[in-house]
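Given next are the chains, with one letter for each unit.
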Amino acid sequence: MARSVRLIFSGSVVAAGLLATPAMAQDASANVQRVEITGSSIKRATAETASPIQLIGREELLKSGKATVAEYLQTLTVDGAGSLPTGFGNGFAAGSTAISLRGLGATSTLVLLNGRRMAPFARADDGQKSFTDLSTVPMQIVERIEILKDGASSTYGADAIAGVVNIILRKDFEGLQVKADTGASRYSDAKQNKASVSFGKGNLDNDRYNFVFNAEYQQADKLKNSDRASRGHIGHGDLRPYGFPIGTQFASGYINGTNNATASPVGLLRDPKTTNYVALPGCASLTSASQTGANGGCVWYADQFRDMQPEIESLNLYSRGTFQINENTQAYVEAGYSKRDTSFTLVPPSVTPTVAFPPNAANPLGFINYGNLNIMSAAHPQNPYGAPIRIRYTAFDVGPSTRSANNEFNRFVIGVKGSAMGWDYDTGFTHSESKLHLDYSNMLNMKVVAAALGDPTSKYFPYYIGAQANKNPASLYAAMVTNATSDSTTKLNVIDFKASRELWALPGGNMGLAVGAEHRQEKLSNPSLKGSEDGSINSSYVAAFGDTKVSAIYAEVLAPVIKNVELSAAVRYDKYDNFNSTTPKVGAKWTPVKSFALRGTYTEGFRAPGPAEGSAQSQSTGTSTVADPIRCPGGKTPAAGGATSTDCAIPVAAVKVGDPKLQPETSKGYTLGVVWDVLADTGITLDGWKIKRSNEINPLPYNEAAALPTAIRNDNNLVQNGVVIPNSGTLVLTQAPYRNSSFTEISGVDLDIKQRLRLGAYGKAQLGLTWTHVASWKRHESATTVYQFAGTHGNCDTSNCAGTPKDKINLTGTWDIGDWNFNGIVNYRAKMKNILFEGNTCASNLANGQPGTTDCQIASFTTLDLSTRYNFSKQLTLFASMNNVLDKIAPLDPLTYGGMSYNPMDATGAIGRYVKVGLNYKFF
């Protein structure tokens, strides 16, 4: 079989960059190194697999100009909604990064480091989804990345429903080299600095040992949304210049109508006779918007404070020692440490929030609506009404809140590998731990707030608000303002053993067998912010706790039954504390001629309920934008009697509580593809795929939760024909319990094309195209309710609302001539309908009721990245890169909450053109 066919079998359009020799039109089967492939424990040549695997070599990774492994992986076409970008600083898992294969969420994507698991990030995304933080992986020492696109629960167990990302670090490096780079945007901000040193000593053949050490330091400046004020809609909360109503999701301080107002920096007081809110004076001195709404108020927008990108400082350390004990035995030890500190600025706190927490004797309902309880006393100097009154106030005098997330990750592996009695074996012990310290500044002690506003006998009374806040003594702020902290830990201990050997000869070659066993223990302790357990601070309760033990055995066979046909099969049995799972996988590959092959796989997978989902001690409160089914029936036209356009796209909080009765998710996956060397220098792979994930663990969809009769609402009820409609006030809070819902079924096509160009005296070049098409992405919530998300802005319930584009394309080109290398990447994301699911009304409307984006769509987005490298000498290499060369502006996206008026996955179009320069020096 031609080596090119075997390479293309791996599903890679970049495999040539991984190898030192040309890939095309060479029959080098006798010389191909036999290595272990992700998703299999049998050693075989990289191309000999029925599963589609995308290989990314270290050169391609380093030439991309991306700062981290996560940034690079999130540009790939296989990544989808639910991944966590660096700029998503207002999310539950702020400070982390993750990849979401096929848009099924980070929790259905298994990430491995050198083929073994890592402890998950110590806080679940959306308060639900456990995932591996890619920020802990050092980029400079990566040897290659293997992405298995069809699941591998039969080998690795839970969480591989959407696929596996195996990051393999260098194990045999010799020498000493340093690398440093610096970068900035075209606006001379968002600066990044990075430096690394790699040292390796010893040759296994000659010295019988090798030691590798790598240290990597990164620093990145924060970037504020206000720093992009000149970049059209980017970073703007105020979309009125584009025709939108005043009440978009990043706006506050306006008055909607009778008994309906949002938190204001000057303070809004409710007239006890008319129930109308009236603003205190001084608006112009406090808000950059300085405009009132049609009903008055003091309008302000989150971009006055909120960051676009966090401030980051990180350190990654990695070392590995390998020792050749004898000809057949090798011992190894790995140690890794990562420390990543991020800081993200948000808005000042509201003194009138609604917070949720576990029900207790004092509050059996489990929530407090401070908008109704924090009353300004009749004796307060700023109260002109002579009676206790409600207020709506955002404490600009306290200042913006900063979310600091300090994560420390460590990992230790010790193992032995070798051969004995015809078997190749590998066994080891892995300990991994993640420690997360959260510190939220400028939080409020709500008991002090209540006393300072409403109790004339309190030593803190009166609390002057708005323009008169300068009258407050320091002692008040010392008592009222606090830092809310939380310390979370995840621990993972694994003992594993695997062995493989060749058995008897078959017509196509020797049969292969692999067996393995594993026992692991996972612990999570994620307490909520201090004070949130009973509503004492202005934050809802978010916590998760769990302790899981898993024992597993698995086996795999590889059978070249005849010369051109290879069959493979694997099965794994996992035993958990309260359930067990058996997951099989089968594959087939037929190569009728050396330039063409057919391949296919069938795999089953599962995901156990995570601690945030399956523990009664776990609870979280998330927020998503919905159309209030009472105040905006049909999702487009506000109801009569007091509703406004804001009710047609209102952020609603939903409480999610863990349920020990939840069952595991299960999945079935199918792939069918062709591999074809069309010409000597042209290779194509085409793979169709389908995944059905059943018994899903999902919260009740937010739009359905909003319609529950138990939803909490303010008392500004609609008045129609003089009749007050009960329980029709502004939506505040609802419940979205976890449940095993029906199933999600997705399908699509992956196309990889690789073209090599022979340029003679002008060097060599290679072009590549990777295209992922999502044909369908359906969630069957019940027998009668089905949500189609393909090509829409959904799924917003369990992702950062980044949407599900039907098409993503990467077009790559690389040219080597002499000591120069030039590299280019075009990244394309298709347009999306600006609807929450297929058949729904437009999710974002203008003030006149028309669709808020052209044709109710989020426009497609295309960027060009370029890089170059010059080998100045054998020791010194200079390099430079430019991301978003054409300085494309990310399309307007008023729905997403991950970025202000742009999609978080289009962040490069928000930041603008970005340039990096650097050098690499090899001492020896």
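In short, a report on the structure.

Definitions and cut-offs
Residues numbered from 1 in each chain as written. Predicted model: local features only at pLDDT ≥ 70, side-chain atom pairs only at ≥ 80, totals over all residues. Heavy atoms only, no water. Helix = DSSP H or I, 4+ residues; strand = E, 2+ residues; numbered from the N terminus. Rg over C-alpha atoms; globule rule 2.2 N^0.38 Å. Buried < 20%, exposed > 50% of the residue type's maximum accessible area, 1.4 Å probe, protein only. Contact = heavy atoms within 4.5 Å. Lys, Arg positive; Asp, Glu negative; His and termini not counted. Charge placed at Lys NZ, Arg CZ, Asp CG, Glu CD. Salt bridge = Lys/Arg side-chain N within 4 Å of Asp/Glu carboxyl O. Pairing = 2+ DSSP bridges. Polar contact = N/O pair within 3.5 Å; in protein donor to acceptor, adjacent residues only side chain to side chain. Core = buried A, V, L, I, M, F, W, Y, C linked by side-chain atoms within 4.5 Å. Patch = residues over 30% accessible without salt bridge, like charges linked within 9 Å, V, L, I, M, F, W, Y side chains within 5 Å. Areas by Shrake-Rupley, 256 points an atom, 1.4 Å probe, with all protein chains shown as cover. Disulfide = S-S within 2.5 Å. Phe/Tyr/Trp six-rings, centres within 6.5 Å; stacked < 30°, edge-to-face > 60°. Lys NZ or Arg CZ within 6 Å of the ring centre and 35° of its normal.

### Comments concerning the overall build of the protein chain
For the protein chain, the helix and strand inventory stands at 11 helices and 51 strands. Against the 2.2 N^0.38 benchmark of 29 Å for 924 residues, the protein chain shows a C-alpha radius of gyration of 29 Å, consistent with a compact globule. Projected onto the principal axes, the alpha-carbon positions of the protein chain cover approximately 95 × 60 × 50 Å. Within the protein chain, the fraction of its 924 residues that count as buried is 60%. Considering only intrachain contacts with a sequence separation of at least 6, the fraction spanning at least 24 residues in the protein chain is 71%. When the 85 basic and 77 acidic side-chain charges of the protein chain are each reduced to a single mean position, those positions are 1 Å apart.

### Description of the pattern of salt bridges
Under the counting rule described, the total for this entry stands at 37 salt bridges. The partner of Asp 159 in a salt bridge is Arg 117, and the shortest N-O contact between them spans 3.5 Å. With Asp 159 in the loop between helix H5 (153–156) and strand S7 (163–169) and Arg 117 in strand S5 (residues 116–117), this residue pair connects regions lying 42 residues apart in the sequence. Here Asp 159 falls in the partly exposed class, since its relative accessible area comes to 22%. With its nearest N and O atoms 2.9 Å apart, the salt bridge here joins Arg 607 to Glu 613. A relative accessible area of 3% means that Arg 607 is categorised as buried. Connected via shared salt-bridge partners are Glu 518, Arg 520, Glu 522, Arg 572 and Asp 574.

### A short note on the pairing of strand S29 (residues 565–575)
Sheet analysis places strand S28 (residues 544–562) next to S29, joined by 10 bridges and oriented antiparallel. By the bridge assignment, Tyr 554 is partnered in S29 with Arg 572. Counted between consecutive antiparallel strands, the loop separating S28 from S29 contains two residues. Inspection of the sheet shows S29 paired to strand S30 (residues 580–593) by 11 bridges, in the antiparallel sense. The residue of S30 that forms the bridge with Asp 574 is Ser 581. Following S29, the chain reverses through four residues before pairing antiparallel with S30.

### Looking at the sheet that holds strand S12 (residues 251–257)
Two strands in a sheet stick together by hydrogen bonds in their backbones, pointing the same way (parallel) or opposite ways (antiparallel). On the basis of which strands lie adjacent, the open sheet formed by three strands has the order S13-S12-S16 and antiparallel pairing. Two strands lie at the open edges of the sheet, namely strand S13 (260–261) and strand S16 (297–301), each paired on one side alone. Relative to S16, S12 is paired through three bridges, and the arrangement is antiparallel. Bridge pairing in S16 places Tyr 254 opposite Gly 297.

### A word on helix H7 (residues 446–454)
Taken together, the buried positions of H7 are Met 446, Val 448, Val 449, Ala 451, Ala 452 and Leu 453. Against the buried residues of H7 lie helix H6 (370–373), strand S22 (375–376), strand S23 (389–392), strand S25 (423–444) and helix H8 (474–480). At the N-terminal end of H7, a side-chain oxygen is found 3.2 Å from the backbone nitrogen of Lys 447, two or three residues along, and the residue is Asn 445.

### Quick word on the nonpolar core
Counting residues in hydrophobic clusters, the biggest one holds 63 residues, and the most contacted among them are Val 69, Leu 73, Ile 145, Ile 147, Val 165 and Ile 167. Not counting residues within four places of it along the chain, the set of residues in contact with Ile 167 comprises Val 69, Val 111, Leu 112, Leu 113, Asn 114, Leu 134, Val 137, Val 142, Arg 144 and Ile 145.

### Some details on a nonpolar patch on the surface
On the surface, a cluster of nonpolar side chains totalling about 640 Å² of accessible area is made up of Leu 757, Leu 759, Tyr 762, Leu 767, Trp 815, Trp 820 and Phe 822. Along the polypeptide, Trp 815 turns up in strand S45 (residues 807–817). Classification of Trp 815 as partly exposed rests on a relative accessible area of 32%.

### A closer look at the sheet that holds strand S37 (residues 712–713)
Taken together, the four strands give an open sheet; going across it, the order is S32-S33-S40-S37, and neighbouring strands pair in mixed fashion. Only two strands of the sheet have a single neighbouring strand rather than two, namely strand S32 (619–626) and S37. Sheet topology places S37 next to strand S40 (residues 731–735); two bridges connect them, and they run antiparallel. Opposite Arg 713, over in S40, you have Leu 731 as the bridge partner.

### Observations regarding the state of the cysteines
Inspection of every chain in the model, using the stated rule, returns three disulfides. Covalent S-S linkage joins Cys 283 and Cys 298, the inter-sulfur distance amounting to 2.1 Å. Where Cys 283 bonds to Cys 298 through sulfur, the torsion about that S-S bond is close to 90°, and the disulfide is right-handed. With Cys 283 in the loop between strand S15 (277–279) and S16 and Cys 298 in strand S16, the pair connects residues that are 15 residues apart, well separated along the chain. Here Cys 842 engages in a disulfide with Cys 856; their sulfurs sit 2.2 Å apart.

### Brief notes about the packing of aromatic side chains
Per the counting criterion, the structure on display carries 17 aromatic pairs. Considering the side-chain rings of Tyr 921 and Phe 923, the 4.9 Å spacing of their centres and the 75° angle between planes classify their relative orientation as edge-to-face. Here a set of aromatic residues connected by ring pairs shows up, and it is made of Trp 815, Trp 820, Phe 822, Tyr 870 and Phe 872. Note that Arg 102 overlies the ring of Trp 689, its terminal NZ or CZ placed 4.0 Å from the centroid.

### A look at unusual backbone geometry
Residue Pro 462 is bonded to the preceding Phe 461 through a cis peptide linkage, with omega at 0°. Checked against the element boundaries, Pro 462 lands in the loop between H7 and H8. Look at the link from Gly 794 to Asn 795: it is a cis peptide, with omega at 10°. Locating Asn 795 in the fold gives a position in the loop between strand S44 (786–788) and S45. Although it is not a glycine, Asp 159 adopts a positive phi angle of roughly 80°.

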